[in-house]
Amino acid sequence: MDSILVTGNGPLNGQIPIAGAKNACLTLMPATLLSEEPLTLTNAPRLSDIKTMTLLLQSLGAEVSSLQDGQVLAMSSHDLTSHTADYDIVRKMRASNLVLGPMLARLGQAVVSLPGGCAIGARPMDLHIEALEALGAQIELKDGYLHAKAPGGLKGAVHEMRFASVGATENIVMAATLAKGTTVLKNAAREPEIVDLVECLRKMGAQIAGEGTSTIEIQGVDRLHGATHQVVTDRIELGTYMLAPAICGGEVELLGGRLDLVGAFVEKLDAAAIDVTETDKGLKVRRRNGRVSAVNVTTEPFPGFPTDLQAQMMALLCTAEGISVLEEKIFENRFMHAPELTRMGAQIDVHGGTATVTGVQRLKGAPVMATDLRASVSLILAGLAAEGETVVNRVYHLDRGYEHVVRKLEGVGARIERIKE
Ligand code: EPZ
């Protein structure tokens, strides 16, 4: 398993290009199942999760071609040959469950393995099941697989979700595009990736309104046609790299960065004495003065502070002046980066879903273990500013969500290299 060697090397300066959003692409790709006509995505990120979704769609009979070094995905689901998403693919990537809604809508049936838990939590699918049953699906769990049927097709309904689940919102919106009648989804998630999905579905002929708010209304249509869609900028990669100059000093411009995608995050950076300015190419980030100030953070569904930036923010706060309290409200076990940061000299006290971070002057490099995607990149951020060498092991986690991380950070002056095992 490869590892990454990072050596603290002072301030970072220059530009980092931000890729298309992993979490948008992972819901846009299954949308191809809704139509017999081709769907082409541009600005796609080059990530292992995208390869996993490609394999899954191909296992269902879809054609998926990766063009222009992976930045264009040309897909066609004219002839689907299977409606089963196998455990060996789904267990590797929970987002595989996003084929459930489209398959049900297009084929009237779907067999999808339950993803099982992952490092950050149990990650059940009860909200997906309840919402699809509201549209008339019959779903039963057998041998670890969800067996879903909608023999007479799905029917529009009014449904309020108990929690604003991102994936459940995406599954329902996609399924409802081909349902008979109108669907009103209440307490829907508001993430930008859902807005991006709806913009793509609308290009395919879907009748949808309210995306980005808590109530989304979908008028079912008989069929959807093909389209070409550009994947929205990745707000989590953006936020991650905004923290590089915040932690190390210097000034970095994030190309393609958009303030509307990271509102709550930028508010917290401002409170931590980090300045973010819009430029004609994106967002420029630098420290306001010598030291970062402690801030309290609570993760919430969009537009609140994103859970996917909690680990990276903790890395910043390890060397902030004062005491910061981080509350993780979305997942039940998302502080696994804390003991690794502690190995680097951080002072972090974790109780349940709350982590209290007492800032220290500087972290010290150490060998550390990546446990999940966002934890792995928070360790790299910490290593960039630490004294000496940090070796981050198990970086396959990183490849799931960050393309060319070594090249992008080297480009702004970081001392970082990948060690092939
Ligand atoms: C999406 O996961 C993202 N993944 C996650 O990003 C992100 O952390 C999460 O949304 C929250 O923003 C993709 O978009 C591919 P949820 P998702 O359904 O859809 C519970 C990353 O690092 N829940 O909003 O699975 C669930 O257990 C990944 O890129 C139920 O209880 O998130 C969790 O505690 C990690 N029952 C909470 O809701 C359900 O049926 C949020 O889950 C569904 C979810």
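Residues numbered from 1 in each chain as written. Predicted model: local features only at pLDDT ≥ 70, side-chain atom pairs only at ≥ 80, totals over all residues. Heavy atoms only, no water.

### Things to note about the site of the ligand
Piece 1. In the region of the ligand, 21 residues are neighbours, and Asp-126, Leu-127, Ser-165, Asp-308 and Ile-330 sit closest.
Piece 2. Contacts to the ligand include Gly-167, whose backbone N or O atom sits 2.8 Å from an oxygen atom.
Piece 3. A distance of 2.5 Å is found between an oxygen atom of the ligand and a backbone nitrogen or oxygen belonging to Ile-330.
Piece 4. Burial of the ligand by the surrounding chains reaches 88%, relative to a free accessible area of 830 Å². (Near = heavy atom within 4 Å. Polar contact = N/O pair within 3.5 Å; in protein donor to acceptor, adjacent residues only side chain to side chain. Areas by Shrake-Rupley, 256 points an atom, 1.4 Å probe, with all protein chains shown as cover.)

### Observations regarding the state of the cysteines
Piece 1. Going through the model one piece at a time under the given rule, you end up with 0 disulfides.
Piece 2. Cys-248 takes part in no disulfide bond, and the closest cysteine sulfur to it belongs to Cys-318, at a distance of 13 Å. (Disulfide = S-S within 2.5 Å.)

### Regarding the domain arrangement of the protein
Piece 1. By domain assignment, the protein separates into domain 1 (3–19 + 233–419) and domain 2 (22–230).
Piece 2. Computed from C-alpha atoms alone, the centre-to-centre distance between domain 1 and domain 2 is 31 Å.
Piece 3. Taken together, the contact between domain 1 and domain 2 spans 24 residues of the former and 20 residues of the latter.
Piece 4. Together, the buried faces of domain 1 and domain 2 total about 1,900 Å²; carbon and sulfur atoms form 51% of this surface.
Piece 5. Of all residues in domain 1, Phe-302, Arg-400 and Glu-403 bury the most surface against domain 2, accounting for 32% of the area lost on that side.
Piece 6. The interface formed by domain 1 and domain 2 includes 3 salt bridges.
Piece 7. Our enumeration of links across domain 1 and domain 2 arrives at 7 residue pairs in polar contact (both at pLDDT 80 or more).
Piece 8. Tallied by class, residues from the side of domain 1 that touches domain 2 come to 10 nonpolar, 4 polar and 10 charged. (Domains from an automatic or database assignment. Contact = heavy atoms within 4.5 Å. Buried area = accessible area lost by both parts, 1.4 Å probe. Salt bridge = Lys/Arg side-chain N within 4 Å of Asp/Glu carboxyl O. Nonpolar A, V, L, I, M, F, W, Y, C, P; charged D, E, K, R; others polar.)

### Brief notes about the environment of Met-204
Piece 1. Assignment of secondary structure puts Met-204 in the loop between helix H7 (192–203) and strand E12 (207–209).
Piece 2. Residue classification places Met-204 among the buried residues on the basis of a relative accessible area of 0%.
Piece 3. It is 25 Å that separates the C-alpha atoms of Met-204 and Asp-260, two residues lying 56 residues apart in sequence.
Piece 4. Other than its neighbours up to four places away in sequence, Met-204 contacts Ala-31, Ser-35, Leu-39, Leu-224, His-225, Gly-226 and Ala-227. (Helix = DSSP H or I, 4+ residues; strand = E, 2+ residues; numbered from the N terminus. Buried < 20%, exposed > 50% of the residue type's maximum accessible area, 1.4 Å probe, protein only.)

### Details of the pairing of strand E3 (residues 39–42)
Piece 1. Bridge analysis of E3 against strand E5 (residues 72–76) gives 3 bridges, and the strand direction is antiparallel. Residue pairing across strands places Thr-40 opposite Ala-74, the latter belonging to E5.
Piece 2. Examined bridge by bridge, E3 and strand E14 (residues 227–230) share 4 bridges and lie parallel to one another. The partner of Leu-41 across the bridge, within E14, is His-229. (Pairing = 2+ DSSP bridges.)

### Some remarks on helix H8 (residues 235–248)
Piece 1. Compared with the 20 Å implied by 1.5 Å per residue over 14 residues, the 21 Å span of H8 between its first and last C-alpha is a close match.
Piece 2. Along H8, 14 of the 14 residues are buried, which leaves the element largely enclosed by surrounding structure.
Piece 3. The residue sitting at the N-terminus of H8 and contributing the capping side-chain oxygen is Asp-234; that oxygen lies 2.9 Å from the backbone nitrogen of Ile-236.
Piece 4. Phi turns positive one or two residues past the end of H8, at Gly-249, with a value near 90°. (Expected span 1.5 Å × (residues − 1).)

### What about the layout of surface pockets?
Piece 1. Approximately 270 Å³ is the volume found for the second largest pocket.
Piece 2. If you go around the second largest pocket, you meet 17 residues; those closest to its centre are Ala-105, Arg-106, Leu-178, Asp-222 and Arg-223.
Piece 3. When grouped by side-chain class, the residues that make up the lining of the second largest pocket number 9 nonpolar, 3 polar and 5 charged. (1 Å grid on protein atoms, 1.4 Å probe; cavity = no way out; pocket = protein on both sides within 12 Å on 5 of 7 lines; lining within 4 Å. Points joined across faces, edges and corners; volume = space filled by probe spheres on them.)

### Description of the nonpolar core
Nonpolar side chains in soluble globular proteins generally cluster together in the buried interior.
Piece 1. Met-29, Leu-41, Leu-57, Val-99, Leu-154 and Leu-201 are the most contacted members of the largest nonpolar core, which totals 77 residues.
Piece 2. The element best represented in this core is helix H6 (residues 166–176), accounting for 6 residues.
Piece 3. In contact with Leu-41, not counting residues within four places along its chain, are Cys-25, Leu-28, Met-29, Gln-71, Val-72, Leu-73, Met-75, His-229 and Val-231.
Piece 4. Grouped together as the second largest cluster of nonpolar side chains are 69 residues, Phe-265, Leu-269, Leu-309 and Met-314 included. (Core = buried A, V, L, I, M, F, W, Y, C linked by side-chain atoms within 4.5 Å.)

### Structural notes on unusual backbone geometry
Piece 1. With an omega dihedral of 10°, the bond running from Phe-302 to Pro-303 counts as a cis peptide bond.
Piece 2. Within the fold, Pro-303 resides in the loop between strand E18 (297–298) and helix H10 (310–317).
Piece 3. With phi around 45°, Gln-68 is a residue other than glycine that occupies positive phi space.
Piece 4. Looking at Gln-68, the relative accessible area reads 62%, which means it is exposed.
Piece 5. The phi dihedral of His-404 is positive, around 50°, even though this residue is not glycine.
Piece 6. Note on placement: His-404 falls in the loop between helix H13 (396–399) and helix H14 (405–410).

### Describing the packing of H10 against helix H12 (residues 373–385)
Piece 1. The contact between H10 and H12 brings their axes to 8 Å, and the two run at 20°. In terms of their interaxial angle, H10 and H12 are classed as roughly parallel. Crossing of H10 against H12: the hand is right-handed. The segment H10 lies against H12, with Ala-311, Gln-312 and Ala-315 engaging Arg-374, Ala-375, Val-377, Ser-378, Leu-381 and Ala-382.
Piece 2. A class-by-class count of the residues in the contact of H10 with H12 yields 6 nonpolar, 2 polar and 1 charged. (Axes fitted to C-alpha atoms, helices over the stretch in contact; angles between N-to-C directions. Parallel < 35°, antiparallel > 145°, perpendicular 65-115°, else oblique. Left-handed = near helix turned anticlockwise from the far one by under 90°.)

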